[in-house]
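A structural walkthrough
For reference, the chains in residue letters:
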Amino acid sequence: MKYNNKNITYLSFLFLLLFFSCKSEKDTEPKASAKTPASAETAAPPMVVNLTEAQFKNAGIKFEAPSEKELPVELHLNGKVFTPASKKISIHSPLGAYVRSLPWIQGMNVKKGQLLVVLEDLAILQLQQDYLQAQNNLELAELEWKRQQALLATKATSDKLYQEAKHVFEKGKIEVMALKQKLKIIHLDPAAIHADNMNANLKLYAPENGYVQAIQSNVGDYINPQDEILTLLATGETMVVLNAFEKDLPALVVGQIVNIETSGNATAQYKARVTQLGKVVGTQGIVEVVCKLERAVNLIEGQFVTGQITLAARKSLCIPEKSLVRYEGKEYVFIKEGNRHFVMTEIVPGNRNGDWVQLQNAGNWQGKEIVTDGSYTLLMTLKNVAE
């Protein structure tokens, strides 16, 4: 019985020890958590600047209320240079032949009438032979027809022989005319073909001034009429297709002036006019805007460009560009809230034109005074306070 009383005393001591230990931990936990908001608050950067009178004078700060301005709206569109189908020329052989000469490299300039390619095939020679023989047969047929006509006048021949002679003559005329047209199609002059100057060569010439865009054949290739030998792009007309969003279509009209810039040379601008608005909206809400440059320029097919279109001016609430400060990828202004008391406020700028920036949500800026001079001084002061 004595042994049991000792055990009870020992267990009671352990129970009290555990009770006070748990209570101590509960009392210390709120103290640690109470420090957390304070540390988070000190980590947030301040957005308010309070200046002393001396700091205010030295900073040269000026401020004014936003004002309404006639601000032209500028639309920036991306696009590419393209060549209309009428100026993209595919060079083909009018009949099957072998390529004997093709002295061109992609990008080389060509002039109208310049020799492009020399082809060779026995079919070319055969066509010339058939034409000369048909001409000779026609001459004989004409003589025989005239002889039969004279005999018929004296009743020295029959009507049947006269009709047969006339038929042969008319048939010969048709054959000669057909062969003459075939020679013209393959760029051979029938009047220049004689028995002593026939050859198996066919020469193709440039139909327009331009440059070689692509070459699809090599010397020695056998070319069928459907095979493209090379592609020419005619110069003298430069077109640009710009990509506009569907929402911008109401502001676009045919005849608008477009300033074109290339990605590699932003200082050079080329004037163009809108000649056609697309009639189909693409899968991404894109509509093509076709523009024609007012003069020929040295732009190439597929070159990336940017087009700037100035739309009609509209009244907007604006602030000077110099009011804005850029901080961590965002744009801010300082609003005067009291005597030498300024609050840095983020803005989402609208259209820009020259020295003025449009303010979005104009109703939120009524009655506000915005710092126009000394904005970066206030930003530096704000950074020093944060550090």
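Described in the following lines is the structure provided in the data block.

With respect to unusual backbone geometry
With a phi close to 60°, Lys 155 is a non-glycine residue in the positive phi region. Following the sequence through the fold, Lys 155 ends up in the loop between helix 3 (122–153) and helix 4 (159–185).

Quick look at the packing of aromatic side chains
Summed over the entire model, instances satisfying the criterion amount to four aromatic pairs. Here Phe 56 and Phe 342 contribute two aromatic rings whose centre-to-centre distance is 6.4 Å and whose plane-to-plane angle is 10°, an arrangement assigned as stacked. Of the two residues, Phe 56 sits in helix 2 (residues 53–59) while Phe 342 sits in strand 19 (residues 341–346), which places them 286 residues apart along the sequence. By relative accessible area, Phe 342 is classed as buried at 0%. Here Tyr 98 and Tyr 222 contribute two aromatic rings whose centre-to-centre distance is 4.8 Å and whose plane-to-plane angle is 70°, an arrangement assigned as edge-to-face. Taken as a pair, Tyr 98 in strand 5 (residues 97–101) and Tyr 222 in strand 10 (residues 222–223) lie far apart in primary sequence, 124 residues in all. Among the residues examined, Tyr 98 registers a relative accessible area of 36% and is labelled partly exposed.

Quick word on the sheet that holds strand 5
Pairing in this open sheet of four strands is antiparallel, and the strands run 8-7-5-10 from one edge to the other. Of all the strands in the sheet, the pair left with one neighbour each is strand 8 (201–205) and strand 10. For strand 5 and strand 7 (residues 115–120), the ladder comprises three bridges, and the chain directions are antiparallel. For Tyr 98, the partnering residue across the bridge sits in strand 7 and is Glu 120.

Reading the values: rules and limits
Residues numbered from 1 in each chain as written. Predicted model: local features only at pLDDT ≥ 70, side-chain atom pairs only at ≥ 80, totals over all residues. Heavy atoms only, no water. Helix = DSSP H or I, 4+ residues; strand = E, 2+ residues; numbered from the N terminus. Phe/Tyr/Trp six-rings, centres within 6.5 Å; stacked < 30°, edge-to-face > 60°. Buried < 20%, exposed > 50% of the residue type's maximum accessible area, 1.4 Å probe, protein only. Pairing = 2+ DSSP bridges.

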